[in-house]
Amino acid sequence: IVLAVDFFRRQARRTYRMIRERIARINGYLQEAISGMAAIALANREVRAFAEFERLNADHRDAYHLSNKLEAALFSFVEAMSTLSIAMLLWEGGRLTRVGLMEIGTLVAFIQYIQQFFVPIRDFSAKYAVMQSSMTAAERIFSLFDLEVEPVPEQPRVPARVRGAIEFDHVWFAYRDEDWVLRDVSFRVEAGDHVAIVGATGSGKTTLIKLLDRLYDVARGRILVDGIDVRDWDPRALRRRIAVVLQDVFLFSGPVVTNITLGRPDISRPAVEAAAAHVNADGFIRRLGGYEALLRERGSNLSGGQRQLLAFARALAHDPTVLVLDEATSSVDPATEWLVQDALAKLLAGRTALVIAHRLSTIETADRILVMHKGELREEGTHAALLARGGIYARLYRVQYGGQALPAERAAARP
Ligand SMILES: Nc1ncnc2c1ncn2[C@@H]1O[C@H](COP(=O)(O)OP(=O)(O)O)[C@@H](O)[C@H]1O
Ligand SMILES: [Mg+2]
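Reading the values: the criteria
Residues numbered from 1 in each chain as written. Chains lettered and ligands numbered in written order. Predicted model: local features only at pLDDT ≥ 70, side-chain atom pairs only at ≥ 80, totals over all residues. Heavy atoms only, no water. Domains from an automatic or database assignment. Buried < 20%, exposed > 50% of the residue type's maximum accessible area, 1.4 Å probe, protein only. Helix = DSSP H or I, 4+ residues; strand = E, 2+ residues; numbered from the N terminus. Pairing = 2+ DSSP bridges. Expected span 1.5 Å × (residues − 1). Polar contact = N/O pair within 3.5 Å; in protein donor to acceptor, adjacent residues only side chain to side chain. Contact = heavy atoms within 4.5 Å. Patch = residues over 30% accessible without salt bridge, like charges linked within 9 Å, V, L, I, M, F, W, Y side chains within 5 Å. Areas by Shrake-Rupley, 256 points an atom, 1.4 Å probe, with all protein chains shown as cover. Salt bridge = Lys/Arg side-chain N within 4 Å of Asp/Glu carboxyl O. Lys, Arg positive; Asp, Glu negative; His and termini not counted. Charge placed at Lys NZ, Arg CZ, Asp CG, Glu CD. Phe/Tyr/Trp six-rings, centres within 6.5 Å; stacked < 30°, edge-to-face > 60°. Near = heavy atom within 4 Å. Nonpolar A, V, L, I, M, F, W, Y, C, P; charged D, E, K, R; others polar. Axes fitted to C-alpha atoms, helices over the stretch in contact; angles between N-to-C directions.

**Thoughts on the domain arrangement of the chain**
Argument step 1. Taken domain by domain, the chain holds domain 1 (2-145) and domain 2 (166-413).
Argument step 2. Spacing between the C-alpha centres of domain 1 and domain 2 amounts to 55 Å.

**So, the pairing of strand β11 (residues 368-373)**
Argument step 1. With five of its six residues buried, β11 lies for the most part within the structure.
Argument step 2. Two strands pair when backbone bridges link them, and strand β3 (residues 194-199) and β11 are joined in this way by five bridges, in the parallel orientation. Note on β11: the bridge partner recorded for Ile 197 is Leu 370.
Argument step 3. Pairing between β11 and strand β12 (residues 376-381): five bridges, direction antiparallel. Paired with Leu 370 across the two strands is Glu 380, which belongs to β12.
Argument step 4. What sits between β11 and β12 in their antiparallel hairpin is a turn of two residues, with Lys 374 showing a positive phi close to 50°.

**What about helix α3 (residues 46-98)?**
Argument step 1. Here α3 contains 53 residues, and its C-alpha end-to-end distance of 76 Å stays within 8% of the 78 Å for a straight helix at 1.5 Å per residue.
Argument step 2. Just past α3, the residue Gly 100 takes up positive phi, approximately 85°.

**Some details on the side chain of His 194**
Argument step 1. Structurally, His 194 can be placed in strand β3.
Argument step 2. Side-chain polar atoms of His 194 contact the backbone oxygen of Leu 348, separated by 2.9 Å.
Argument step 3. Here His 194 is in contact with Leu 348, Ala 349, Arg 351, Ala 353, Ala 366, Asp 367 and Arg 368, once residues within four sequence places are set aside.

**Re a positive patch on the surface**
Argument step 1. A contiguous patch of positive charge, built from Lys 374, Arg 378, Arg 395 and Arg 398, is present on the exposed surface.
Argument step 2. Counting through the fold element by element, Arg 395 comes out in helix α14 (residues 392-401).
Argument step 3. By relative accessible area, Arg 395 is classed as partly exposed at 46%.

**A short note on the packing of aromatic side chains**
Argument step 1. For the coordinates displayed, the defined rule picks out 13 aromatic pairs.
Argument step 2. Aromatic side chains Phe 110 and Tyr 113 sit 6.3 Å apart centroid to centroid with 75° between the ring planes, which places their arrangement in the edge-to-face category. Remark: Tyr 113 and Phe 110 occur in helix α4 (residues 104-145); sequence separation between them is three residues, near one turn of the helix.
Argument step 3. By relative accessible area, Phe 110 is classed as partly exposed at 41%.
Argument step 4. Three or more aromatic residues joined by ring pairs form one cluster here, namely Phe 8, Phe 124 and Tyr 128.

**What about the site of ligand 1?**
Argument step 1. Around ligand 1 sit Tyr 175, Arg 176, Val 181, Ala 200, Thr 201, Gly 202, Ser 203, Gly 204, Lys 205, Thr 206, Thr 207 and Tyr 216, and those are all the residues in its vicinity.
Argument step 2. The contact in question runs from an oxygen atom of ligand 1 to an N or O atom on the backbone of Gly 204, over 3.0 Å.
Argument step 3. Thr 206 has a polar side-chain atom sitting 2.6 Å from an oxygen atom of ligand 1.
Argument step 4. For ligand 1, the protein covers 61% of the area, taking 560 Å² as the surface of the free molecule.
Argument step 5. Among the elements that line the shell around ligand 1, the one with the most residues is helix α5 (residues 205-212), at three residues.
Argument step 6. Of the residues in the shell around ligand 1, the class split is four nonpolar, six polar and two charged.

**Focus: the sheet that holds β3**
Argument step 1. With mixed pairing, the six strands of this open sheet are ordered in space as β6-β9-β10-β3-β11-β12. Sheet topology places β6 (242-245) and β12 at the edges, where each strand pairs with a single neighbour. If you compare each strand with its neighbour and ignore which way they point, the axes differ by 15° on average.
Argument step 2. Along the sheet face, helix α11 (residues 334-348) touches β3, β9 (322-326) and β10 (352-356) and points at about 150° away from the line of β9.

So, in structure tokens, the structure goes:
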């Protein structure tokens, strides 16, 4: 029995792990398929998506089947052992009774004892299966606990006043091993400066701002905010001062107002309304039904431009010292575009700003432009100076922004 239970334990562990893995795969697939429903429908992939789902489900069912079979096997093995020992007892006991060494009563008592002896073993084998399945679940929970939490500095620094000067000092960074995504990047942004970052896709622009807000840590070099290494900052204080508006704005299902305050109780309702009005978001919010109007999951009932305006309102309401913005690449309709540009100008006023720029207007109004190329900072200067230099920026400008209207034309087209 001991050997059988040990064999069962090893097989069961494997099977339960398999079940968990497959359930996880089903959940992952469902999540992806549901959030990507539009993409699936557009690509006419419904049938294949269903087939894939069927397959994942079948895999899970098979694994479950196997675990049931194992449990049943253990149980029936224990039953068989119990019956077998009674049979043996009858055999030997019968012989002993016949030769007069044992009374019938003793034999009957023994049979009862054997049966009682097997009751806890049978119970145990049923519970053992549950135990094994719980153990594999616990395994997963503990592996989660073992994940490294965000490293917190020993003496986190929380400066009372933040000016918002940023310095990258010979920063190197790789997501994996030595695949350098940033190589020796150094630059300074003085407090109050507006700096634009431009560069081809994949040149490392987004990575720069992830490092600044400490979503990742640098591999070599350091990043200073107001002369303090970001690794020594209290992460929460740092993120309160530096607002990051990412390319795709994340909106939660719930009222507009919570999407702006993000649940911070110290932002009053009038402050929310003022922020929204300042960045031209009040118009569409009113049309939506006011600040209590519910946003659908991920703000699917808003247009791209409206989402951006809402993100600006959110950033403004939190009143950060430094604004870091990954401008949305998708262009919006001309009417909203004008609102967004105007809102952006108001949002940046009086703050240090680091903007990954896709709009010509943002680039032109920046104090300085950083040009990223394959993870290196290759050029730096004003729009005019960089154009005159005829280097990477000049080429990028022709390719990416050549199609956008020139300032003069744009001014003329404005109502
Ligand atoms: N989470 C990640 N894991 C691994 N590689 C990544 C990750 N994010 C970005 N990269 C890689 O880093 C490089 C720079 O990406 P990114 O900073 O997003 O560029 P950009 O914003 O300029 O388009 C790209 O080659 C990209 O493939
Ligand atoms: Mg990017």
